[in-house]
Amino acid sequence: MYRGSPTKLHDHVSRLLAGGVYKIPPIWFPVMKTVPPGSSVLRSPLQFRKRPQKIVYEEDSLRRRFYRDHPYELLRPQSLIEKEIPVREDWSTLLGNRHPTEISGESVIKYQLYLMSTGMSKNKAYAHACNEFYAIRARQEVAERVAEEQALAFGAKQPLSQTERVLLLEQENIEKCPPKVTVL
């Protein structure tokens, strides 16, 4: 392997050809003679001193503010798999023609961006988007409570809590294996 200067590579290969080490010249050999490489193919370390510019989107500050004010929204599960749901382009209302469970923090951010594009200030757009978001979440919680009450009224059994399940299992195990008492 050749480890010399790139400018001397052509001379090195021509000596190998003259000495009979290479029978056929490499395909790049005539090009290297007409267009020789520079003295160094390595980049100067001075080129790496500059840091790349940060890419900043307007949504970033909106997202930071929303999730700072609503940290529990990050705990809501979200599907990252895109199904055959068309991409939403009309943000004139937050809910649109979507189901309330499809509204997330990202929806609020996009809606706020839309409101800002119509001329509303950043703070007013944030307040408006959040108020609409709260109304949707409240309707969703009421609907869930009503559905649970209806299910109980029609004979559904309320599921046991984690603590109740563990206590029930513990009681079953105690009954299976009564303690052995030895008298001294």
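See the structure above.
From a predicted model like this one, the values you see are computed outputs, not experimental measurements.

1. Regarding the pattern of salt bridges
Stage number 1. A complete count under the given rule lists five salt bridges for this structure.
Stage number 2. Between Arg68 and Asp69 there is a salt bridge, with the nearest N and O atoms lying 3.8 Å from each other.
Stage number 3. With relative accessibility at 58%, the residue Arg68 sits in the exposed group.
Stage number 4. Among the ionic contacts, a cluster of salt bridges with common partners joins Asp60, Arg63 and Glu106.

2. With respect to the packing of aromatic side chains
Stage number 1. Considering all chains together, one arrives at three aromatic pairs under this definition.
Stage number 2. On the numbers, 6.2 Å between centres and 55 degrees between planes, the contact of Phe133 with Tyr134 is tilted.
Stage number 3. Taking relative accessible area as the criterion, Tyr134 reaches 39% and is therefore assigned partly exposed.
Stage number 4. One aromatic cluster in this structure is built from Phe66, Tyr67, Phe133 and Tyr134.
Stage number 5. If you follow Arg65 out to its NZ or CZ, it ends over the ring of Tyr126, 3.9 Å from the centre.

About the thresholds
Counting restarts for each chain: residues are numbered from 1 in the order of the written sequence. Residue-level local features of this predicted model are given only where pLDDT is at least 70; pairs of side-chain atoms are given and counted only at 80 or more, and the full residue set underlies all totals for whole chains, interfaces and linings. The side-chain values count all of the structure's non-hydrogen atoms but skip hydrogen atoms and water molecules. Any Lys or Arg side-chain nitrogen found within 4 Å of a carboxyl oxygen on Asp or Glu counts as a salt bridge. Working definition: with a 1.4 Å probe on protein chains only, accessible area under 20% of the residue-type maximum means buried, over 50% means exposed, and in between means partly exposed. Stacked, tilted and edge-to-face pairs are distinguished by plane angle, under 30 degrees for stacked and over 60 for edge-to-face with tilted covering the rest, among Phe, Tyr and Trp rings (Trp via its six-membered ring) whose centres lie within 6.5 Å. In this scheme, Lys NZ or Arg CZ marks a charge over a ring once it lies within 6 Å of the ring centre and within 35 degrees of the ring normal.

Nothing here speaks to function; it is geometry throughout.
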